[in-house]
Amino acid sequence: MAEIEIKNLHKSFGDFVAVKNSNLVIENKEFFVLLGPSGCGKTTTLRMIAGLELPTSGNILLDKEDVGYLRASQRDIAFVFQLFALYPHMNVRNNLAFPLKMQKFSKTEVDAKVMEAAKLLRIDHLLKSKVSSLAGGDRQRVALGRALVRRPKAFLMDEPLGTLDAEFRELMCLELRKLHDDIDATTVYVTHDQQEAMSMADRIAVMNEGEVLQADSPKIIYNKPKTKFVANFIGSPGMNFIPIKEKITPNQSSIKLLDSSLKIPEQREGTNSNENFLGVRPENLRLVSENGVKGNIFGVEYLGSRKILTVETQLGNIKIRVDSDTKVKINEQIQFDTLNNNQIIFDGSNDMALQSEFMS
Amino acid sequence: MMDTSRSPSEASGFSRKLAATIIIVYMVVTLIPISWMVATSFKSVDSAISYPPEVFFEPSLEGYVNLFTNRSRQPKDYLDTLPPPDTWYEELVRSREMVITGPSKFLPRYSNSLIIGFGATFFSVFLGSLAAYALSRFKVPLKDDLLFFILSTRMFPPIAVAVPIFIMYRKLGLGDTHVGMIILYTVVNLSLSVWLLKGFMDEIPREYEEAAMIDGYSRMQAFFKVVLPQATTGIAATAIFCMIFSWNEYAFAVLLTQFNAQTAPPFIPTIIGEGGLDWPAIGAGTTLFLIPVMIFTVVLRKHLLRGITFGAVRK
């Protein structure tokens, strides 16, 4: 297994820039997820690591060796495609054996390796089946088997669970993660689904418009997002952004919100702009009976274990997460304030989070 | 009560019967000339030209014997001096007061047809699939213009360029050679082959060859091991079209071949019997001529059907 390092990687298709000077280090044995909306460059990045696209500039180091401009076949990595790309004219056994046939193994070695991979993925009873007769989950397993059968340095996966139905996807998330741990793999996984990313990843890189915005553990990505985009993209619903009409200065620890004052973590940085945002997650707000920000309940989403309230205030619509047995009515007047000291101030001029007591 | 035993999209009993009737009538109409031709090949020379035409007749292999042999008419006194005939076909020829002077040119002409037909089909499909793959996958400068140019070579009937080709072939020494005919038929078929196959290649997701390339194969290996097997339907369809053209082509064959590389189509009409055309021999030649292309189509038909079910399951 291997460490993958991406240095100043850049890719443009004509005028369109798909990946902008990105830098990433993927540690050995890490489950690394590239997350972002469609068109953010995550798949292009993955395809460059695989050798299916050549970088416009920059380097890709696999175990310290620059492989950025080598052919895909010379990189010793495996790729799992969204549509699996199982060869329809071969049965399961031949699909699994296909990568080995290029490596001059004897027939018994090939058979042994195919059997080992098949047992690991519990598809050994399907070896003689035609690919077209398999169910979605089994196709997924065969695709994984084909990837791991030759024990490559790294696994690259491009939304491999995208075509599975919801119930099966959750199961495969668990299986994938377990498989990764069992074989000590290094995995780079591309998805636009934050749940998949959060549940599987050691670290997540959030990308948008060709740039890596933040690469951190799921917990840090969720709690301490570095940009407004990351804060909004992660979490369901995303973070609330409450406009603040004041300049933030270092050491500031409260802000004015309408007519009340709100305590915030002590800031380490200031802003030049007068238009900034207070970022607060819906679960970090609570309903109170007095001294809170006033608003009207605009909508209630019941989600089983909790409810998401949309509250109309003079500061815009704000989402609050409450227990599902909280009794509220549409149009009811309520007040809310912050539950803890986990707020983040985003600089309105560049959408970056300010360093603070909480963020550092 | 409503008949609920079938789904709404299924044809009713009546329309099925109607469809079957139409197909049978059409089949009979199409098969009459062919069955007449096959019947003629088994007639004797006399019964072939008798009026009214004989629908029921005593079958004879005279046509086939005449097709494969050269004969000469001899006076009866001379025939009586000969030893009795060794074989059934010699006996048949003797009974017409003739002797066999040697094998006819039909067999060499027929094998020329096979060599040139299959050769041209192979190269049309092989070169066509490589070109189609490249045009389907790579950024080729002026791709659309190139494709239009390839198509434009079929915008006039090929025979329109007969004279320049005749002169070129004479200068290049390609006239009346197998290689020359294979090149000619390949070129004529290529535009069709490239266009047909490009359509099929476009349908094959790139992920297949990408998967193979990541698994350690070169692009060429991936093309042959992964892409081509999935283009079987297209290759079969294209091969049938190319084969039918090269097998049936008459005009260029008349113009460019004479002794060495003459194919069966220009040869068959030259079979002349005593006092006119030998219709049973021509019938025999045509019947035999029909067989290879028929077998070829039937064999590839399986792939056509398999291809259709392949396409139904996309992933």
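Residues numbered from 1 in each chain as written. Chains lettered and ligands numbered in written order. Predicted model: local features only at pLDDT ≥ 70, side-chain atom pairs only at ≥ 80, totals over all residues.

Participant: Lay out the overall build of chain A in plain terms, naming residues and giving numbers.
Facilitator: When helices and strands are tallied, chain A shows 8 helices and 20 strands. Dimensions along the principal axes, computed over C-alpha positions, put chain A at roughly 80 × 45 × 35 Å. Every one of the 360 residues in chain A was classed for burial, and the buried ones make up 43%. (Helix = DSSP H or I, 4+ residues; strand = E, 2+ residues; numbered from the N terminus. Buried ≥ 20, exposed ≤ 12 C-beta atoms within 10 Å, placed from the backbone.)

Participant: Give a detailed account of the overall build of chain B, specifying residues and quantitative values.
Facilitator: Scanning chain B from terminus to terminus reveals 15 helices and 4 strands. Taking 20 Å as the expected radius of gyration for a compact globule of 315 residues, we find that chain B reaches 26 Å, considerably beyond that expectation. Overall, the C-alpha framework of chain B stretches about 80 × 75 × 40 Å when taken along its three principal axes. Burial statistics for chain B: of 315 residues in total, 31% are counted as buried. Taking all contacts inside chain B whose residues are at least 6 apart in sequence as the whole, residues at least 24 apart take part in 75%. (Rg over C-alpha atoms; globule rule 2.2 N^0.38 Å. Contact = placed C-beta atoms within 7 Å.)

Participant: Please provide a residue-by-residue account of the sheet that holds strand β4 (residues 57-62) of chain A, values included.
Facilitator: Sheets are built from strands that pair by backbone hydrogen bonding, the pairs being arranged parallel or antiparallel. Residue and element names in this part refer to chain A. One open sheet holds the 4 strands; their spatial order is β2-β1-β4-β5, and the pairing between them is antiparallel. The strands lining the two open edges of the sheet, one partner per strand, are β2 (16-26) and β5 (65-66). Of the pairings in the sheet, the one linking strand β1 (residues 4-13) to β4 comprises 5 bridges and is antiparallel in character. If you follow E5 over to β4, its bridge partner there is L61. Helix α1 (residues 42-50) rests against β1, β2 and β4 of the sheet, and its axis sits at about 115° to β1. (Pairing = 2+ DSSP bridges. Axes fitted to C-alpha atoms, helices over the stretch in contact; angles between N-to-C directions.)

Participant: Quick one: what's the story with unusual backbone geometry, residue by residue and with numbers?
Facilitator: What you tend to see is this: most non-glycine residues have negative phi, and most peptide bonds are trans. All names here are of chain A. Residues S236 and P237 are joined by a peptide bond in cis, for which omega reads -5°. Counting through the fold element by element, P237 comes out in the loop between α8 (228-233) and β11 (240-244). One non-glycine residue, E209, lies in the positive phi region at around 45°. In this fold, E209 is placed in the loop between β9 (203-208) and β10 (211-216).

Participant: Pulling in residues and values, what's your account of the interface of chain B and chain A?
Facilitator: Of the residues lining the interface, 17 residues belong to chain B; the matching set on chain A comes to 19 residues. Breaking the side of chain B that touches chain A down by element, the ones donating at least two residues are α10 (207-214) and α11 (219-230) of chain B. Element by element, the count of residues in the side of chain B that touches chain A is highest for α10(B), at 6 residues. Residue composition of the side of chain B that touches chain A, grouped by class: 10 nonpolar, 3 polar and 4 charged. (Nonpolar A, V, L, I, M, F, W, Y, C, P; charged D, E, K, R; others polar.)

Participant: Describe in detail the packing of α10(B) against α11(B), supporting the description with residues and values.
Facilitator: All names here are of chain B. It is at 9 Å that the axes of α10 and α11 come closest, and there the two elements cross at 140°. When the axes of α10 and α11 are compared, the pair comes out oblique. α11 is crossed by α10, and the crossing has right-handed handedness. Contacts between α10 and α11 involve Y208, E209, A212 and M213 from the former and R219, A222, F223, K225, V226, V227 and Q230 from the latter. Across the contact of α10 with α11, the residue classes tally to 7 nonpolar, 1 polar and 3 charged. (Parallel < 35°, antiparallel > 145°, perpendicular 65-115°, else oblique. Left-handed = near helix turned anticlockwise from the far one by under 90°.)

Participant: Report on the domain arrangement of chain A, specifying residues and quantitative values.
Facilitator: Split into domains, chain A comes out as domain 1 (4-228) and domain 2 (238-346). On a C-alpha basis, the centres of domain 1 of chain A and domain 2 of chain A stand 39 Å from each other. (Domains from an automatic or database assignment.)

Participant: Please give an account of the domain arrangement of chain B that cites residues and values.
Facilitator: Residue and element names in this part refer to chain B. The domains assigned to chain B are domain 1 (45-104) and domain 2 (107-312). Listed per partner, the contact involves 11 residues of domain 1 and 11 residues of domain 2. Elements represented by at least two residues in the side of domain 1 that touches domain 2 include exactly α2 (45-48) and α3 (62-68). Looking at the side of domain 1 that touches domain 2 element by element, the count peaks at 6 residues for α3. Taken together, the residues of the side of domain 1 that touches domain 2 sort by class into 7 nonpolar, 2 polar and 2 charged.

Participant: Report on the environment of V142(A), specifying residues and quantitative values.
Facilitator: Residue and element names in this part refer to chain A. As for its placement among the helices and strands, V142 is situated in helix α4 (residues 136-148). Sequence separation between V142 and D124 is 18 residues, and the spatial gap between their C-alpha atoms is 10.0 Å. The residues contacting V142, other than those within four sequence positions of it, are L86, V92, N95, L96, I123, V131 and L134.

Participant: Kindly report on the confidence of the model for chain B, identifying the contributing residues and their values.
Facilitator: Scored by pLDDT, chain B comes out at a mean of 88, with 93% of its residues at no less than 70. Confidence drops under a pLDDT of 50 for residues 308-315 of chain B, and excluding neighbours within four residues, the segment shows 5 contacts in the predicted structure. (pLDDT = per-residue confidence, 0-100.)

Participant: So what about the environment of D216(A)? Which residues, and what values?
Facilitator: Residues and elements named next belong to chain A. Mapped onto the elements, D216 comes out in strand β10. The class for D216 is partly exposed, based on 18 C-beta atoms found within 10 Å. Considered as a pair, D216 and E290 are 74 residues apart in the sequence and their alpha carbons are 38 Å apart. What D216 contacts, discounting residues up to four positions off in sequence, is R203, I204 and I221.

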